Amino acid sequence: MLIENGYFEVIDFYTCADVEIKAHLDYYTKLNTNLNVHITEIKKSPEFHYDHPLKTPRIIPRPDVYNATTKTISAEGNNILAYGLLEASIIVRGKKVVYDPQSPVNPIPFSATGSTAEKLIIIVNLGEAEKLTGKTEIEDIKTYFFDSEMCFGLILKMGAKGALLFESHNNDPVKIPVFETNKVWPIGSGDVFSAYFSQNWFNGTSLESSALLASKATAIYCSTKDLSLQKGLDSFDFKSLLIDKIPSGQIYLAGPFFTFSERWLVNEVWNTFKSIGLKVFSPFHDVGHGQAKDVVCKDLEGLDESKIVFAIIDGLDSGTLFEVGYAICQKKKVVVFVQKEGEESLKMLEGTNCIIERDFTTAIYKLYWELAKE
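Since we're looking at a predicted model, the values are computed, not measured.

A. Expanded view of the pairing of strand S2 (residues 10-17). Bridge count between S2 and strand S3 (residues 35-41): seven bridges; the pairing is parallel. The residue of S3 that forms the bridge with Cys16 is Thr40. Traced from S2 through helix H1 (residues 19-31) to S3, the parallel crossover comes out right-handed.

Here it is in structure tokens:
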């Protein structure tokens, strides 16, 4: 994306598209006179299929079908926001450039694209940064981007923890808070963050203020799935959270595991927590099936040692409900994930201040935030 001549007077948008996506873009070009779309035609645009928003998507066609070296998109301008592409390589040349590699599998360094920038800001999530640099320590990652990529600034997105802004190699990071929303829809949130940051930085706003505004805009989008952000910013009232490190308290994962679908869901929750560095005790994974005399004491011991409970309630399994009641008596916080049960079945849980969520991703985020407050 090129943004020229100040505050969105003209936007030149460069992308790859098949016939269907091209028709979609043509429609929006007619609605927006300040938008110029430049399309590199391809046979098939990629589709992203998610089991849930926190899982790596299935990409159709597979990424290895595309040969990005056969097509190149080039752009020049004063202000450029460049996203990495599966379908083509990119070469950009600009004064102010924001680069977001946008690939959980094979992120490409800005320097490897042949692009140039007078002032380069790199926005990258932690997983991408680790793949790009081969490093896992924040200090080593920062050193790579400032020394090897010669960036002017670095924003390292940390998921539910917010983000870190590095304005130089020597300065300590500026912590950009995450905002505690009622709902969380993260698909597309990275695009929103980069776009809103770029809009503000290109127009003279400081790096820190641009990043803070981008985080607020992202919170509005995650809460509403709505890209009309200004109204939400004018009435913004979400609570900010500064989370310095991954919460260390143990989670107790309560839920039935007697059928394939129940085991799949318990596994999915367990894997999701593990993937973001959380400590989990799961009766299914850590104790397993067995006679009451063999498993109950071990389960309760795990519950005693846990700070918070994540309970899968669908089916109203008696063991899970017992574990929730046990935790409430210990004054532990309980996050309930439920989709099929009616309000009447949840009355006791609601009345004992359980956090009840019917959206998987929101439930995961709310548990993370509650655990971080412990």
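B. Spatial organisation of the environment of Thr29. For Thr29, the position within the fold is in helix H1. For the pair Thr29 and Phe48, spaced 19 residues apart in the sequence, the C-alpha separation amounts to 24 Å. Ignoring anything within four residues of it in the chain, the contact list for Thr29 reads Leu35 and Val37. Within the structure, Thr29 has its side chain in polar contact with the backbone oxygen of Leu25 (distance 2.8 Å).

C. Geometry of the sheet that holds strand S16 (residues 308-312). Ordered in space as S15-S14-S16-S17-S18, the five strands form an open sheet in which the pairing is parallel. Sheet topology places strand S15 (279-281) and strand S18 (355-357) at the edges, where each strand pairs with a single neighbour. Ignoring which end each strand starts from, the neighbouring axes of this sheet average 25 degrees apart. Sheet topology places strand S14 (residues 250-254) next to S16; four bridges connect them, and they run parallel. In the strand pairing of S16, Ala254 is matched with Ala311. Its contacts with the sheet place helix H7 (residues 260-275) against S14, S15, S16 and strand S17 (333-337), and it is angled at close to 150 degrees to S16. On the sheet, helix H9 (residues 292-304) packs against S14, S15 and S16 and is oriented at approximately 140 degrees with respect to S14.

Conventions we followed
Residues numbered from 1 in each chain as written. Predicted model: local features only at pLDDT ≥ 70, side-chain atom pairs only at ≥ 80, totals over all residues. Heavy atoms only, no water. Pairing = 2+ DSSP bridges. Helix = DSSP H or I, 4+ residues; strand = E, 2+ residues; numbered from the N terminus. Right-handed = clockwise from strand over helix to strand, strands pointing away. Contact = heavy atoms within 4.5 Å. Polar contact = N/O pair within 3.5 Å; in protein donor to acceptor, adjacent residues only side chain to side chain. Axes fitted to C-alpha atoms, helices over the stretch in contact; angles between N-to-C directions.

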